[in-house]
Amino acid sequence: MRIAVVTDSNSGITQKQAKEMEVFVLPMPFMIDGETYFEDITLTQEDFYKRLGEDADISTSQPSPESVMNLWDDVLKDYDQLVHIPMSSGLSGSCETAMMLAEDEKYEGKVFVVNNQRISVTQLQSVKDAKLLISQGADAAKVKKRLEETKFDSSIFVTVDTLKYLKKGGRITPAAAILGTLLKIKPVLSIFGEKLDAYAKARTMKQAKLIMMNAIRKELETRLRDPECRHTHLAIAHTQNEEAAVEFMKEVQETYPEADIFIAPLSLSISCHIGPGCLALTATRKMVEEDENAPQ
């Protein structure tokens, strides 16, 4: 049985990377000053940040039902089943839409939509996990089951460099943004499952990085039960801030020399709400099948 993995560009996977990984990526639509653009198709990272810097009116949207079904139909010409991994249902309606579309009789037993509460680099890890499970002989139903069982085995902590975009998106009041800017506050946000929440406040990026490190340490020691980070993927994510991300990775590696760490841009769906210059630290438990050394 041939099983495909489908996701959306909220995972941060580009069309080029999708071909290399042998997966399929649905481009997310963005409205910019009234026009529709599609991530990595008609909207590059460079163009996005240029328009963001020009104070263009940018908003996210979910893919149309037609675009979702057209992709599924194309994939199913060459595959028997597909696993569709959209962004977290708590952050977008695209997951609920996909689940509804999958109820169509023609997709019965063929399309399995996974609601595993991930976004950006943690969603990317879900795609890799799905590929791993398929390589180990799992069918689409089992992949969906495993990914949903482990959906809360990840955390994201993000440091925001400016309050401008949180204010613009209505996530904080203008008064709070002005006060926060005067006090040089850099909020640290958390994404756990379906919620984006305030986690802590810092005055400097150095302090913010320390807060994120302590938060991840707590996650590893308690919820993920992996204090030495031997069974957890770590990622340093950023919004147009790669140089700082590389430096941060060196600091993280000193603390967790055994860890598997990679660097990736945060998806544009997050970037449009928090702006450039941000850093994130994420932890995702490894998908290890039948490994007696993995944490139980």
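The structure we're discussing is the one just above.
Residues numbered from 1 in each chain as written. Predicted model: local features only at pLDDT ≥ 70, side-chain atom pairs only at ≥ 80, totals over all residues. Heavy atoms only, no water.

A. Seen up close, the environment of Ile134. The residue Ile134 is located in helix 5 (residues 121–135) in this model. Apart from residues lying up to four places away in sequence, Ile134 is in contact with Ile3, Val5 and Val143. (Helix = DSSP H or I, 4+ residues; strand = E, 2+ residues; numbered from the N terminus. Contact = heavy atoms within 4.5 Å.)

B. Structural context of the sheet that holds strand 6 (residues 81–85). Read across the sheet, four strands follow the order 2-1-6-7 without closing on themselves; strand pairing throughout is parallel. Looking at which strands have only one partner, the edges of the open sheet turn out to be strand 2 (24–26) and strand 7 (111–113). Strand after strand, the sheet turns through a mean of 25 degrees between neighbouring axes, direction not considered. Sheet topology places strand 1 (residues 3–8) next to strand 2; three bridges connect them, and they run parallel. Looking across to strand 2, one finds that Asp8 is bridged to Leu26. (Pairing = 2+ DSSP bridges. Axes fitted to C-alpha atoms, helices over the stretch in contact; angles between N-to-C directions.)

C. The arrangement of the sheet that holds strand 5 (residues 58–60) in detail. The sheet built from three strands is open, its strands ordered 4-3-5 with antiparallel pairing. With partners counted over all chains shown, the strands left at the sheet margins are strand 4 (35–38) and strand 5, one partner each. Each strand of the sheet is rotated relative to its neighbour by a mean of 30 degrees, with strand direction disregarded. Along the sheet, helix 2 (residues 45–53) makes contact with strand 3 (29–32), strand 4 and strand 5, crossing strand 5 at roughly 130 degrees.

D. Highlighting the layout of surface pockets. In this structure, the largest pocket spans a volume of roughly 450 Å³. Around the largest pocket sit 29 residues that line it, and Gly12, Thr14, Gln17, Gln45 and Pro265 are the ones nearest its centre. For the lining of the largest pocket, the secondary-structure elements that each account for two or more residues are helix 1 (15–21), helix 5 and strand 12 (260–265). It is strand 12 that provides the largest number of residues to the lining of the largest pocket, a total of four residues. Broken down by class, the residue content of the lining of the largest pocket amounts to twelve nonpolar, 13 polar and four charged. (1 Å grid on protein atoms, 1.4 Å probe; cavity = no way out; pocket = protein on both sides within 12 Å on 5 of 7 lines; lining within 4 Å. Points joined across faces, edges and corners; volume = space filled by probe spheres on them. Nonpolar A, V, L, I, M, F, W, Y, C, P; charged D, E, K, R; others polar.)

E. Layout of the packing of helix 5 against helix 6 (residues 140–149). As a packed pair, helix 5 and helix 6 sit with axes 10 Å apart at the nearest point and diverge in direction by 140 degrees. Taken together, the axes of helix 5 and helix 6 are oblique relative to one another. In this structure, helix 5 crosses over helix 6, and the sense of that crossing is right-handed. On helix 6, the residues touching Ser126, Asp129, Ala130, Leu133 and Ile134 of helix 5 are Val143, Arg146 and Leu147. (Parallel < 35°, antiparallel > 145°, perpendicular 65-115°, else oblique. Left-handed = near helix turned anticlockwise from the far one by under 90°.)

F. Representation of helix 4 (residues 94–101). Where helix 4 is concerned, the buried positions are Ser94, Cys95, Thr97, Ala98 and Leu101. Around the axis of helix 4, the buried residues are gathered within 160 degrees of arc, so they sit on the same side. Looking at helix 4, the residues exposed on the side facing more than 90 degrees away from the buried face are Glu96 and Met100. (Buried < 20%, exposed > 50% of the residue type's maximum accessible area, 1.4 Å probe, protein only. Arc of directions from axis to C-beta.)

G. Structural view of the packing of helix 3 (residues 65–75) against helix 4. As a packed pair, helix 3 and helix 4 sit with axes 10 Å apart at the nearest point and diverge in direction by 55 degrees. By the criterion of interaxial angle, the relationship of helix 3 to helix 4 is oblique. You can see that helix 3 and helix 4 cross each other, and the crossing is right-handed. In contact with Pro65, Val68, Met69 and Trp72 of helix 3, helix 4 contributes Thr97, Ala98 and Leu101.

H. Representation of the packing of aromatic side chains within the structure. Applying the stated rule across the entire model yields five aromatic pairs. A ring pair is formed by Phe24 and Tyr79, whose centres lie 5.8 Å apart and whose planes are at 85 degrees; its orientation type is edge-to-face. Of the two residues, Phe24 is situated in strand 2 and Tyr79 in the loop between helix 3 and strand 6; the sequence distance between them amounts to 55 residues. Judged by its relative accessible area of 27%, Phe24 is partly exposed. Of the residues examined, Tyr79 reaches a relative accessible area of 17% and is grouped as buried. When the ring of Phe157 is compared with that of Tyr199, the centres are 5.0 Å apart and the planes differ by 65 degrees; the resulting orientation is edge-to-face. Taken together, the residues Phe157 in strand 8 (residues 154–159) and Tyr199 in strand 10 (residues 195–202) connect sequence positions 42 residues apart. On the basis of relative accessibility, which here comes to 5%, the residue Phe157 falls in the buried class. Geometry around Tyr79 places Arg2 over its ring, the cationic atom sitting 4.3 Å from the centre. When the ring centre of Phe262 is taken as reference, the NZ or CZ atom of Lys128 above it lies at 4.7 Å. (Phe/Tyr/Trp six-rings, centres within 6.5 Å; stacked < 30°, edge-to-face > 60°. Lys NZ or Arg CZ within 6 Å of the ring centre and 35° of its normal.)

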